[in-house]
Amino acid sequence: MFWSKFESMTAKESSVQDVLLAHETESVTLASLLEKEDCIQETKARNPQLIKVLVRKDILLEMVNLITKEPPGEVDAKNRFKDATVSCEMLNADVPEMTEALTQGPEYLDCLLDIFDTTETLNPILTSFVTRTFGLLIARRPNEVLEYLSRKEAFLDMTLKHLNVTAVTDLFIRLITAHENDAFRYKMCEWLNGQSFMEKIVAFLDASKTPDSDYHNNSAQLICDIIRFSREQQLQQLKPEDDINALTPETYANELLKTADSEAFIGLIVSNLIRSVSSQSAIVQCLTVLGAPFEFIPVNFEGNNEQKALFSELSLRVVNSRIERYSQVLSPVIPQLRDILVDPPVRNALITELAKGDDALAKRVG
């Protein structure tokens, strides 16, 4: 009895290194590694023997499958996503050999993105694993990822249909911001704009076609984040030698920001607002997006006096241009907008432990 307990305890305390020493590289299984408590630590430490195992095609593909496929139903709830979580941590340990292997061919990237090729509701946990892993690949292997996406024509439509899942909005933000190189960021924005990315997002704010408030909230948040990041990037590109008289609202703006600032795009938001007269969430989010460009003009800027002057001038010209475009779009529809704002859609009744509440109840409680 003593020895059986000792052997059991020893087995649990054995390490990844014990597994590697006991087997040839080609015979080590992923399951034998995942059950060891130090597998994440050893991966981050870039144990050479372990990395040789992890970059094996079958092992790498098994890890990707674990973070994209639902676990078997018979797995108990406590351990349901244990292997997927550990695999995600190992894939995101920022090991150059692994990130390189994942982008050498389309097989692994196809497997990652296949999670979106479904009409079923996405598992938010698995989606967050995929988003995180894809974000690392963009940061470390940007050219390979962009080349892959350029060939995958269905990527945007396939992914955007799941915009009601917050992790999907995170995926697109990572596409634009994960890599530190400004030239690549501009290149990514140019590719996305060529796919009518902004127009596809704003289409979800039309409640007559998309009544789900999660789509309204997430699409508005994504547009606002893109505007904020792009505006900050635009202003950060200003150089002391720039001619202040030559500045325009498009100076250093990426293609997505140019689209967001266009009269046509503003018109799409306003049209969606008018068509969504019966949806409070769509109206609120349309108004949020309309106000975003004014909200995201930073008021402070660190730099010398010449840079501050450039910053202030460009910010002023951006605001003035935006006001002019808003005037052009809003003037013809002011009566319709007034009707919506004066008589907004009634909110759904609030159900509490006390009763089914509405505005009348709110007044009574007040």
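So, a few notes on the structure that sits alongside this text. (Residues numbered from 1 in each chain as written. Predicted model: local features only at pLDDT ≥ 70, side-chain atom pairs only at ≥ 80, totals over all residues. Heavy atoms only, no water.)

### Section: the environment of Asp 157
Defined as follows: For helices the rule is a DSSP run of H or I covering at least 4 residues; for strands it is a run of E covering at least 2, with both sets numbered from the N terminus onward. Any residue under 20% of the maximum accessible area for its type is buried, any over 50% is exposed, and the rest in between are partly exposed; the area is computed with a 1.4 Å probe on protein chains only.
Here Asp 157 shows up in helix H12 (residues 155-160). Taking relative accessible area as the criterion, Asp 157 reaches 47% and is therefore assigned partly exposed. With 38 residues separating them in the primary sequence, Asp 157 and Gln 195 have C-alpha atoms 9.7 Å apart.

### Thoughts on the packing of aromatic side chains
Note the following rule: Stacked, edge-to-face and tilted labels apply to pairs of Phe, Tyr and Trp rings (six-membered ring for Trp) whose centres lie within 6.5 Å, assigned for plane angles under 30 degrees, over 60, and everything in between, in that order.
This structure, assessed with the given rule, holds four aromatic pairs. Ring centres of Phe 172 and Phe 197 lie 5.0 Å apart, and the angle between their planes is 45 degrees; on these two criteria the pair is classed as tilted. Of this pair, Phe 172 sits in helix H13 (residues 166-177) while Phe 197 is found in helix H15 (residues 197-202), placing the two residues 25 residues apart along the sequence. Neither Phe 172 nor Phe 197 differs from the other in exposure class; each is buried. Centroid distance Phe 204 to Tyr 215: 5.2 Å. Interplanar angle 15 degrees. Geometry classified as stacked. Taken together, the positions of Phe 204 in the loop between H15 and helix H16 (213-236) and Tyr 215 in helix H16 put the pair 11 residues apart, joining distant regions of the chain. We note that Phe 204, like Tyr 215, is buried. Taken together, Phe 155, Phe 172 and Phe 197 form an aromatic cluster joined through their ring pairs.

### Here's the deal with the side chain of Asn 218
The following threshold applies: Contacts were defined at the residue level, with two residues in contact if any of their heavy atoms lie within 4.5 Å.
Its place among the elements puts Asn 218 in helix H16. By relative accessible area, which is 11% here, Asn 218 ends up buried. Each residue touching Asn 218, except ones within four places of it in the same chain, is listed here: Leu 163, Asn 164, Val 165, Thr 166 and Thr 169.

### Some thoughts on the pattern of salt bridges
For clarity, the cut-off: By definition, a salt bridge exists where a carboxyl oxygen of Asp or Glu is found within 4 Å of a side-chain nitrogen of Lys or Arg.
For the coordinates displayed, the defined rule picks out 20 salt bridges. Here Lys 152 makes a salt bridge to Asp 110, at a shortest N to O gap of 3.6 Å. Of this pair, Lys 152 sits in the loop between helix H11 (142-151) and H12 while Asp 110 sits in helix H9 (residues 106-113), and the two are 42 residues apart along the sequence. For Lys 152, a relative accessible area of 19% translates into the label buried. Two residues, Arg 141 and Glu 144, come together in a salt bridge whose shortest N-O distance is 2.8 Å. Via salt bridges that share partners, Glu 26, Arg 56 and Asp 58 belong to a single interconnected network.

### Brief notes about unusual backbone geometry
Despite not being glycine, Asp 94 shows a phi value in the positive range, around 60 degrees. In this structure, Asp 94 sits in the loop between helix H7 (82-91) and helix H8 (96-102). A residue is classified by how much of its surface remains accessible, and Asp 94, at 22% relative accessible area, is partly exposed. Its identity is not glycine, yet Tyr 252 carries a phi of approximately 60 degrees, on the positive side. Here Tyr 252 shows up in the loop between H16 and helix H17 (255-260). With relative accessibility at 25%, the residue Tyr 252 sits in the partly exposed group.

These results come straight from atomic positions and should not be treated as a statement about function.
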